[in-house]
Amino acid sequence: MLTAELKAKWRKPIYAFFDPEPTIEYRKDNRKCVVFRCSAKNCKKREILRYLDTKDAGSTGNMRNHVKTCWGEEILVEADKAKDVDEGRKVTGSYRKNGSITASFEKSKNAQSKASFSYRQHTKTETRMRPFDIVKDRGFVCLMKTGRPHYYLPHPTTVARDVKQVFAKTRKRVADMLQNNDSDINCCIDTWTSPNHKAYAAVTVHFEHEGKLMSLLLDFIEIAKVRTCFYP
Ligand SMILES: [Zn+2]
C-alpha cells in the first residue's frame, strides 16, 4: 500500500511525467520498490523502479534521465519551471494533447517571455512543401518561422512582382539569344501524362551558342486547357 506520507514527498515537477498512482512492488531478490510508470504514449521502457532500501531512495536522477530520452530535454526544462507536480502535469498534459509545450505556457504567469511559435520540431507531414505563392498561408508561415520567429517572409504581391520581373527579363534574354544566333535552331515537343492523369506538353529549343550546346524550355502547356504561348 502507498502511504499518504510517501506520496506527499513526490511533489517535484518531474513526477508529472509519470502516472499519478505508482505501485509498491517486490522485485529483484524480493526487495521493496516503488514502480513509477512513464505516461508518454509511446514509451518503450515504461517502468522506473525505485528501491526503498537504498540511500538514494529519494533521488530522481534515473527518472530525469528517462524523461530526457523519452519526452525530450526541452519539455523537461519547461516542466522544471513549474512550482510543483500539479503545475507540471499541466505541461505534460498539454504536450500530450497538442504536442506543443508553448501552448501550456502562453497563459502561465511564470512565462518569462511571450511564446509565439513552438520550439518543437515539425513532423514529416508538417514539413511537406507548400506552393511558393502562398507565403501568407498560416501553415507555411508557421513552418518558416518555427525556431526563428523573426524570419523575413515577403508579402504575396512582392513575390508575384518578382516572378513577373524575372520572367520578363528571362524572356527578353532568350529572345535575343535566339534571334542573334548563327547556328540552326532545333525545336522539340515532349508530351507526357503525370501520375495524377494530367497531360502536358513541353516545347524545347536546342542550338549552339558560343561553341556550346544550349537547351532551353520555351513553353510548358497543360493539354486540354487554354494554351498560353510565352514565345510567339
Ligand atoms: Zn517513457
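Up top is the structure these notes are about.
Residues numbered from 1 in each chain as written. Predicted model: local features only at pLDDT ≥ 70, side-chain atom pairs only at ≥ 80, totals over all residues. Heavy atoms only, no water.

Things to note about the sheet that holds strand 4 (residues 185-193)
In a beta sheet, neighbouring strands pair by backbone hydrogen bonds and run either parallel or antiparallel.
Next, step 1: The strand order across the open sheet built from three strands is 4-5-6, with neighbouring strands paired in antiparallel fashion. The open sheet has two edge strands with one neighbour each: strand 4 and strand 6 (212-222). Between one strand axis and the next, the sheet turns through 20° on average, direction left out of account.
Next, step 2: As defined by bridge partners, strand 4 adjoins strand 5 (residues 199-209) across nine bridges and the pair is classed as antiparallel. The partner of Ile 185 across the bridge, within strand 5, is Phe 207. (Pairing = 2+ DSSP bridges. Helix = DSSP H or I, 4+ residues; strand = E, 2+ residues; numbered from the N terminus. Axes fitted to C-alpha atoms, helices over the stretch in contact; angles between N-to-C directions.)

Structural notes on the sheet that holds strand 2 (residues 31-37)
Next, step 1: Pairing is antiparallel in the open sheet, where three strands are placed in the order 1-2-3. Edge positions in the sheet fall to strand 1 (23-27) and strand 3 (47-51), since each has one partner strand and no second. Averaged over all pairs of adjacent strands, the angle between strand axes in this sheet comes to 40°, irrespective of strand direction.
Next, step 2: Of the strand pairs in this sheet, strand 2 and strand 3 are connected by five bridges, and their pairing is antiparallel. Directly across from Phe 36, in strand 3, lies its bridge partner Ile 48.
Next, step 3: Its contacts with the sheet place helix 2 (residues 61-70) against strand 2 and strand 3, and it is angled at close to 170° to strand 3. (Contact = heavy atoms within 4.5 Å.)

Description of the pattern of salt bridges
Next, step 1: In total, this model carries 12 salt bridges according to the counting rule given.
Next, step 2: A salt bridge links Glu 47 to Arg 37, with the nearest nitrogen and oxygen atoms 3.6 Å apart. On the criterion of sequence distance, the pair formed by Glu 47 in strand 3 and Arg 37 in strand 2 is long-range, its members being 10 residues apart.
Next, step 3: Lys 83 is the partner of Glu 87 in a salt bridge, and the nearest nitrogen-oxygen pair spans 3.5 Å.
Next, step 4: Residue Lys 83 is classed as exposed on the basis of its relative accessible area, which comes to 67%.
Next, step 5: Overlapping salt bridges bring together Glu 25, Arg 27, Arg 37 and Glu 47 as one network. (Salt bridge = Lys/Arg side-chain N within 4 Å of Asp/Glu carboxyl O. Buried < 20%, exposed > 50% of the residue type's maximum accessible area, 1.4 Å probe, protein only.)

Quick notes on unusual backbone geometry
Next, step 1: Even without glycine at this site, Arg 46 takes up a positive phi of about 70°.
Next, step 2: Mapped onto the elements of the fold, Arg 46 is located in the loop between strand 2 and strand 3.
Next, step 3: Even without being a glycine, His 197 presents a positive backbone phi close to 65°.
Next, step 4: Within the fold, His 197 resides in the loop between strand 4 and strand 5.

As for the packing of aromatic side chains
Next, step 1: Counting across every chain of the model gives eight aromatic pairs.
Next, step 2: With a centroid separation of 5.0 Å and 75° between ring planes, the pair formed by Phe 17 and Trp 71 is classed as edge-to-face. In this pair, Phe 17 sits in the loop between helix 1 (4-9) and strand 1 while Trp 71 sits in the loop between helix 2 and helix 3 (73-80), placing the two residues 54 residues apart along the sequence. Of the two residues, Phe 17 and Trp 71, neither departs from the other in class, the shared state being buried.
Next, step 3: The structure contains a cluster of three or more aromatic residues connected by ring pairs, namely Trp 10, Tyr 15, Phe 18 and Phe 36.
Next, step 4: The side chain of Arg 148 reaches across the aromatic face of Tyr 151, ending 4.6 Å from its centre. (Phe/Tyr/Trp six-rings, centres within 6.5 Å; stacked < 30°, edge-to-face > 60°. Lys NZ or Arg CZ within 6 Å of the ring centre and 35° of its normal.)

Remember that the coordinates give geometry; whether it matters functionally is a separate question.
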